[in-house]
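Descriptive analysis of the structure
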Amino acid sequence: MCGNALGELSLWSFGQTNCLAMYAKPGERSNAINNVRFNGLGDKFVACNASGVVQLWKFGSNPNCLIPYEIINTRLNCAKDALFLNSGSVIAVGGSSDPSEKSIDGSFQLWDTLLPKSQQKLCSFGQKLDAGSCNALMYLPMEELLVCGYESGKLVAFDIRQRCMLEVDAFDRRNCHRSAIISISHSHEHNLFGTASSDGCIKIWDSTTLNLKSTYQNVHDEVTKLSFRGDFLYSSGSDGRMV
């Protein structure tokens, strides 16, 4: 699944030159797709764009699947990441918001798509935690924690069960990134997660204790994406390299 700066969202297959399906046609750059994620079962996916809109699709061969079954206007200035919590109806959204807009009240939000429209927004955090945008999200299903990465380099852990932010000693300024967090990836097999920032730094954390295990400086000029696959951690950067 590929999203681009014009808001186009399309499905491709390796070895084929034509796209298999078009979920969103090219539009204005204000609708640029920032991230696309599937749920745990692979039967739904969510995309967020630069205008603060989050759309959800069912993934299947039925032509009706090309039309989003849910559209959420988060009222964020820009939605930078969105993901499913497990395979249910709850969506977490991170992005940037205007501190003067009190009705938005933060750059991290939880939504439940099964509820009536007026009740779908479960909670919102951000202004008191960090004035910057929430750039990256990662869900730890065993711990039922959501880790949020901010523009300032700060990390925050959100308890899904109690719907509150946790005070995590390991996430203090000494351990966190010095520049904007760009990507977070989780390894279920090794109980680790990695965070990457715009200054090329990658940090590895223990997902059960949330303690910092390793730091790798200057891996790239700027890290663009981080991904665990099996026993390996892959990173890409603005320097055109994959490590």
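See above for the structure.
Everything quoted here is computed from the prediction, not taken from an experiment.

What about the overall build of the protein chain?
- Check the secondary structure of the protein chain and you find zero helices and 21 strands.
- For the protein chain, whose C-alpha radius of gyration is 17 Å, the value lies close to the compact-globule estimate of 18 Å for 243 residues.
- With the principal axes as the frame, the protein chain shows a C-alpha extent of 50 × 45 × 35 Å.
- Each of the 243 residues in the protein chain was classed as buried or not, and the buried ones make up 48%.

Focus: the pattern of salt bridges
- Under the criterion given, the structure shown has six salt bridges.
- Residue aspartate 81 is joined to arginine 37 by a salt bridge in which the shortest nitrogen-to-oxygen separation is 2.8 Å. A residue pair is termed long-range when its members are at least 10 positions apart, and aspartate 81 in strand 8 (residues 78–84) and arginine 37 in strand 4 (residues 33–38) qualify at 44 residues.
- Where lysine 117 meets glutamate 70, a salt bridge forms, and the shortest distance between an N and an O atom there is 2.6 Å. With lysine 117 in the loop between strand 10 (108–112) and strand 11 (121–125) and glutamate 70 in strand 7 (residues 70–73), this residue pair connects regions lying 47 residues apart in the sequence.
- The class of glutamate 70 is buried, set by a relative accessible area of 10%.

Description of the layout of surface pockets
- In this structure, the largest pocket encloses a volume near 1,200 Å³.
- Around the largest pocket, the lining comprises 34 residues; the ones closest to its centre are Val36, Arg37, Phe38, Lys225 and Arg229.
- Of all elements in the fold, only strand 1 (2–3), strand 4, strand 8, strand 12 (134–140), strand 16 (181–187) and strand 20 (223–229) reach the threshold of two or more residues within the lining of the largest pocket.
- Considering each element in turn, the lining of the largest pocket owes the most residues, six residues, to strand 4.

Some details on a nonpolar patch on the surface
- Taken together, the side chains of Met1, Phe38 and Phe59 present a nonpolar region at the surface, about 240 Å² in accessible area.
- Along the polypeptide, phenylalanine 38 turns up in strand 4.
- With relative accessibility at 36%, the residue phenylalanine 38 sits in the partly exposed group.

Some words on the packing of aromatic side chains
- Counted under the stated rule, the structure contains twelve aromatic pairs.
- Relative to phenylalanine 45, the ring of phenylalanine 38 has its centre 5.3 Å away and its plane inclined at 45°; by these criteria the two rings are tilted.
- Members of the aromatic cluster, each reached through a chain of ring pairs, are Tyr23, Phe38, Phe45, Trp57 and Phe59.
- Stacked on the ring of tyrosine 69, the Lys or Arg lysine 58 has its end atom at 5.9 Å from the ring centre.

What about the side chain of histidine 220?
- By secondary structure assignment, the location of histidine 220 is in the loop between strand 19 (212–216) and strand 20.
- There is a polar contact of 2.8 Å between the side chain of histidine 220 and the side chain of serine 235.
- A distance of 3.2 Å separates the side chain of histidine 220 from the side chain of aspartate 239, its partner in a polar contact.
- Those residues within four positions of histidine 220 in sequence are excluded, and the remaining contacts are Asp199, Gly200, Ser235, Ser236, Gly237, Asp239, Arg241 and Val243.

Examining the pairing of strand 12
- Counting buried positions along strand 12 yields seven of seven residues, so the element is predominantly enclosed.
- Summarising the sheet, strand 12 and strand 13 (residues 145–150) pair through six bridges and their orientation is antiparallel. Looking at strand 13, one finds that leucine 140 is bridged to leucine 145.
- From the end of strand 12 to the start of strand 13, which pair antiparallel, there are four residues, and glutamate 144 there has a positive phi angle of about 55°.

Rules used throughout
- Residues numbered from 1 in each chain as written.
- Predicted model: local features only at pLDDT ≥ 70, side-chain atom pairs only at ≥ 80, totals over all residues.
- Heavy atoms only, no water.
- Helix = DSSP H or I, 4+ residues; strand = E, 2+ residues; numbered from the N terminus.
- Rg over C-alpha atoms; globule rule 2.2 N^0.38 Å.
- Buried < 20%, exposed > 50% of the residue type's maximum accessible area, 1.4 Å probe, protein only.
- Salt bridge = Lys/Arg side-chain N within 4 Å of Asp/Glu carboxyl O.
- 1 Å grid on protein atoms, 1.4 Å probe; cavity = no way out; pocket = protein on both sides within 12 Å on 5 of 7 lines; lining within 4 Å.
- Points joined across faces, edges and corners; volume = space filled by probe spheres on them.
- Patch = residues over 30% accessible without salt bridge, like charges linked within 9 Å, V, L, I, M, F, W, Y side chains within 5 Å.
- Areas by Shrake-Rupley, 256 points an atom, 1.4 Å probe, with all protein chains shown as cover.
- Phe/Tyr/Trp six-rings, centres within 6.5 Å; stacked < 30°, edge-to-face > 60°.
- Lys NZ or Arg CZ within 6 Å of the ring centre and 35° of its normal.
- Polar contact = N/O pair within 3.5 Å; in protein donor to acceptor, adjacent residues only side chain to side chain.
- Contact = heavy atoms within 4.5 Å.
- Pairing = 2+ DSSP bridges.

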